[in-house]
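Per-entry structural report
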Amino acid sequence: MRAYAGSLFLAAMSAAASIAAVQVEIHENVPAGQEFAPTGDPSVRYAEPAAAFVYLPVKYSPEALPLDRSVPFVLRATSEQQIGAGKWVVRLRARGAAVLRIDGKEVARTEPQKPNKTGDDPVPAPPVPDTTGHRPLQHPHQDAFFEMASDGRLHRFEILAVIGGKGLMPTPGELAVAIGRPGEIQRLLGDASAPTLTDEGWGAFASAQRLRHEADDRARRLEVSRDTRARWEARHAGVRRALEQTPAPAVPDSPAAMPANNPIDRFVNARLAAENVAQRPLTSDIDFLRRASLDIKGVIPTPAEIARFLADPASQRRHNAIERFLADDRWADNWVPYWQDVLAENPGILKPDLNNTGPFRYWIYQSFRDGVPFDRFVAELVQMEGSQHRGAPAAFAQATLNDAPMAAKADILAQAFLGQKLGCARCHDAPFHPFKQKDLFSLSAMLAGKPVKLPATSTVPMREGARKPAVTVTLKPGEQIDPAWPFDSLAAHAETGALPSAGKVDSRRELAALIIAPQNERFAKVVVNRVWKRYMGVGFVEPADDWSRAKASHPELLAWLAREFVMSGYDLKHVSRLIFESHAYQRRAIEGLADTQMQAKNRLFAGPLRRKMSAEQIVDSLHQSVGKPFECEELNLNPAGDRAPNQFLNMGMPDRAWQLTALSNERDRPALALPIAQSLVDVMTAYGWRQSRQSPASARDDASSPMQTLILANGILATRLVRLSDDSFFTELALKNVPVETMVREAFLRILSREPAAAELKSFADLLRPAYGSRVAPGVKADYKALKSDTRVSWSNHLSAEATVIRMEEEKRLRMGAPPTKRLRPEFRERYEDVLWAMVNSPEFVLMP
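Residues numbered from 1 in each chain as written. Predicted model: local features only at pLDDT ≥ 70, side-chain atom pairs only at ≥ 80, totals over all residues. Heavy atoms only, no water.

**As for the overall build of the chain**
Looking only at helices and strands, the chain has 27 helices and 15 strands in total. Relative to its length of 849 residues, the chain is compact, with a C-alpha radius of gyration of 30 Å against a globular reference of 29 Å. Projected onto the principal axes, the alpha-carbon positions of the chain cover approximately 90 × 75 × 60 Å. The proportion of buried residues among the 849 residues of the chain is 56%. Considering only residue pairs separated by 6 or more positions, the chain has 74% of its internal contacts joining residues 24 or more positions apart. (Helix = DSSP H or I, 4+ residues; strand = E, 2+ residues; numbered from the N terminus. Rg over C-alpha atoms; globule rule 2.2 N^0.38 Å. Buried < 20%, exposed > 50% of the residue type's maximum accessible area, 1.4 Å probe, protein only. Contact = heavy atoms within 4.5 Å.)

**As for the confidence of the model for the chain**
For the chain, the mean per-residue pLDDT works out to 93, and 96% of the residues sit at or above 70. Within the model, pLDDT remains below 50 along residues 1–19, and this stretch shows 50 contacts once partners closer than five positions in the same chain are excluded. (pLDDT = per-residue confidence, 0-100.)

**Quick word on the environment of Gln23**
Mapped onto the elements of the fold, Gln23 is located in strand E1 (residues 22–27). Separated by 813 residues in sequence, Gln23 and Leu836 place their C-alpha atoms 50 Å apart. Beyond its immediate stretch of four places on either side in the chain, Gln23 contacts Tyr46, Ala47, Arg76, Ala77 and Thr78.

**Observations regarding empty space enclosed by the protein**
This structure, assessed with the given rule, holds 4 cavities of 30 Å³ or more. His623, Lys628, Pro629, Glu631, Arg720, Leu721, Asp727, Leu787 and Ala818 are the residues that line the largest cavity. Here the lining of the largest cavity is built from residues that sort into 4 nonpolar, 1 polar and 4 charged. Counted as a void, the second largest cavity has a volume near 40 Å³. Around the second largest cavity, the lining residues are Gly298, Asp333, Asn334, Pro337, Ser614, Glu616, Gln617, Asp620, Arg656 and Trp658. (1 Å grid on protein atoms, 1.4 Å probe; cavity = no way out; pocket = protein on both sides within 12 Å on 5 of 7 lines; lining within 4 Å. Points joined across faces, edges and corners; volume = space filled by probe spheres on them. Nonpolar A, V, L, I, M, F, W, Y, C, P; charged D, E, K, R; others polar.)

**Describing the sheet that holds strand E8 (residues 98–102)**
Across the sheet, which stays open at both edges, the 6 strands sit in the order E2-E1-E6-E11-E8-E9 with antiparallel pairing between neighbours. Both outer strands of the open sheet, strand E2 (44–48) and strand E9 (105–110), are each paired with one neighbouring strand and no more. Each adjacent strand pair in this sheet contributes to an overall mean axis angle of 20°, direction not counted. Here 5 bridges tie E1 to E2, and the two strands are oriented antiparallel to one another. Counted as the bridge partner of Val22 is Glu48 from E2. (Pairing = 2+ DSSP bridges. Axes fitted to C-alpha atoms, helices over the stretch in contact; angles between N-to-C directions.)

**Focus on the packing of helix H4 (residues 285–297) against helix H6 (residues 317–326)**
At a closest axis distance of 10 Å, the pairing of H4 and H6 adopts a crossing angle of 20°. Regarding the angle of H4 to H6, the classification is roughly parallel. The two elements H4 and H6 cross, and the hand of that crossing is right-handed. Of the residues in H6, those in contact with Asp285, Phe288, Leu289, Ala292, Ser293, Ile296 and Lys297 of H4 are Arg317, Arg318, Ala321, Ile322, Phe325 and Leu326. For the contact of H4 with H6, a count of residues per class yields 8 nonpolar, 1 polar and 4 charged. (Parallel < 35°, antiparallel > 145°, perpendicular 65-115°, else oblique. Left-handed = near helix turned anticlockwise from the far one by under 90°.)

**Here we look at the layout of surface pockets**
The calculated volume of the second largest pocket comes to roughly 1,100 Å³. What lines the second largest pocket is a set of 40 residues, among which Gly537, Arg611, Ala699, Arg700 and Asp702 lie closest to the centre. Elements with a minimum of two residues in the lining of the second largest pocket: helix H7 (330–342), helix H14 (521–536) and helix H18 (615–626). Considered class by class, the residues forming the lining of the second largest pocket number 19 nonpolar, 7 polar and 14 charged.

**As for helix H8 (residues 361–369)**
For H8, the set of buried residues is Arg361, Trp363, Ile364, Gln366, Ser367 and Phe368. On the buried face of H8, the contacting elements are strand E4 (59–60), strand E5 (66–67), helix H1 (199–224), H7, helix H9 (374–383) and helix H16 (572–581). Looking at the residues trailing H8, positive phi occurs at Gly371, about 70°.

**What about unusual backbone geometry?**
Of note, the bond from Val71 into Pro72 is cis; its omega dihedral lies within 30 degrees of zero at -5°. With respect to the helices and strands, Pro72 occurs in the loop between E5 and strand E6 (73–82). In the segment running from Glu542 into Pro543, the intervening peptide bond is cis, with an omega of -5°. Residue placement: Pro543 occurs in the loop between H14 and helix H15 (555–567). One non-glycine residue, Met384, lies in positive phi territory at about 55°. With respect to the helices, strands and loops of the structure, Met384 is situated in the loop between H9 and helix H10 (394–397). Looking at Met384, the relative accessible area reads 5%, which means it is buried. A positive phi angle is found at Ser664, which is not glycine, with a value near 55°. Its location among the elements puts Ser664 in the loop between H18 and helix H19 (675–686).

**Observations regarding the packing of aromatic side chains**
For the structure shown, the criterion picks out 33 aromatic pairs. Each ring, one from Phe417 and one from Phe523, has its centre 6.4 Å from the other, and the planes form 65°; the classification is edge-to-face. Of this pair, Phe417 sits in helix H11 (residues 405–418) while Phe523 sits in helix H14, and the two are 106 residues apart along the sequence. Take Phe523: its relative accessible area is 1%, and that puts it in the buried class. Over the aromatic face of Tyr585 sits the side chain of Arg291, whose NZ or CZ is 5.6 Å from the ring centroid. The residue whose ring lies beneath Arg534 is Trp335, and the NZ or CZ to ring-centre distance is 4.4 Å. (Phe/Tyr/Trp six-rings, centres within 6.5 Å; stacked < 30°, edge-to-face > 60°. Lys NZ or Arg CZ within 6 Å of the ring centre and 35° of its normal.)

Here it is, written out as structure tokens:
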């Protein structure tokens, strides 16, 4: 073990201490009664710098899919500490059953947690801080103490905690061990970085632990899936060899008067020339940067990114920015919302098995974060393995209270990856599409892994003497449909045995192989058409999810991009890079042609269509522009953890807008309100975000509306964000000795990504100047406190009148946000807030260049 010189708790120790990290093991499938004496090898070993366990490592399959642990499981942590001579107080804090042993002797124990079965429990008493300032005990945790007389020698600490159980969340809560001199602040047991057991120390440690575990989880995902990744790489090499035997689509010459930056432009220019349509001018560098930043990272560029961009040679600026942005982890954040819509990801924090999916958003994120090839992404989604609650593709399979859940999933998959819309074949043969009801249910049977019977509720009833329906019904209720692939025209066969990431259900594996088979050219074309539409505003084929009667506007370019996609190993970044580098993408946007673009003859791509920022991009960019933290309550109606995951989901503490979810409070029960989250959701809903995704959608309804204008002008979120509180970047800027012109320029750069025009600079500077000289209130200190929700209120007591009163009072406070800073005088602060408000509410902010 590594030794550190010095005292254990700063000046609190009277003797030198040798401190080691805490060694942790997780034991699964421990027999009942042996939880505090687990035997056998642990499922995982790792280390922590201190004995506090808010986050635990995720368990992964060889395909890097999150898995469930046994319920319950046991956490065992050990640490050897040289404790200075004299008296010490040791604290064991746990939500459930745990023991602490020192030198092999049990010295403290906490009791098992009881599951909850009601909604009208009393509200627990508020946490009471002790006189020394320790972090108060959070309900339903327990503290057990032991007074220790140390001889100054090395001591062995062992913690054993039972995590989860019947009717409980399998999470550790605030499991911890702390130690200190009597009457003094204790520190977490651990190495020299161990913090004090105070609200501030605990919060900082928990945040750091989260980041550390996210990084460690990613490293382990890549390690455990090394063989899987190698098999997919071998498959892609074989596909490339086979594809090289066939001729690639010929790239046309670009007319001499039409510059081209890459092959995409040559295809587009040939069509423009044929239609006698001129190219649009290239957009300015700054407009390009804002557009590319939003399209790649999902947020507007920062002033530092703008400065770096402008520092590059003009000929290299755009290329360098594209490469930097594509290397940014936020590439993954920006893709998650799109596939949540397309795949109808619809988790619920309340009663999550009630006609919802599970939360497979985390798997979407990790797939894009880890650079998983898109054919593997689709294959793993179709096979639906892993954990339903921890964010694996198994969550896609969940659909209770549905007479034919796999029929719904079959329709989603067919739309998403094959452009085949089967929804109209749910209860009869499709009247406007070339599909029989049997096609949908044979695909459903492939997902089910067995023959399925047609439910009586999924058919149009035929009554003798009644009016003959306008649709054709060829299946009878109760008829059995065998698993079968209904799209032989797309791919008649596939080598299923060679499919990597093979799941347990043969017919699902076969279906996955057929969808991503190289012979199935429709798959690659549908995917690249979706990417093109996302960045250019309209696809080669429209609608993107229904190709039955569609005609491609640029079939040769579509075929060329599809081949590039396959040859790259199904890499979406490669396709995206080609689009971003093209002049077609980099030209000035086309205004107001969305309706006419549905006809293939009108889709010429002289430039991209003008688009709005997405709901997620607006919320994330608002926070970034004003430099305020993404504050939100934990998305959890079961903070006590006394209900099982199939009854309540904890969706965590979001720090990006895509992590929000439906708040499950349609009946407006005040005790179940999440007011900060609601203020975020209100803005997102106004801009097309769907709280409930019962069906897939390839495009959002984000048409301009009065509500969009009102929600930014008068809504809670925008008002809170433009306020100069003590957590605002602009508060700190205003306190510096900088000219008013600098304050205005910085606001323009951070919010609108550009320098102000001369008239704009003068107008805003003139507004600020009269109050500028006396803006600072001398001697006033910052007084920022993070917004917090009272975790005593939960489902277990939401019927209590006291719970309602607590949450309603809290709602008033939280919805208002942090108060204005007192370090700036109101005369100046309010003027600067008006400047920020005006920029946020300008159409320029929400419209992409």
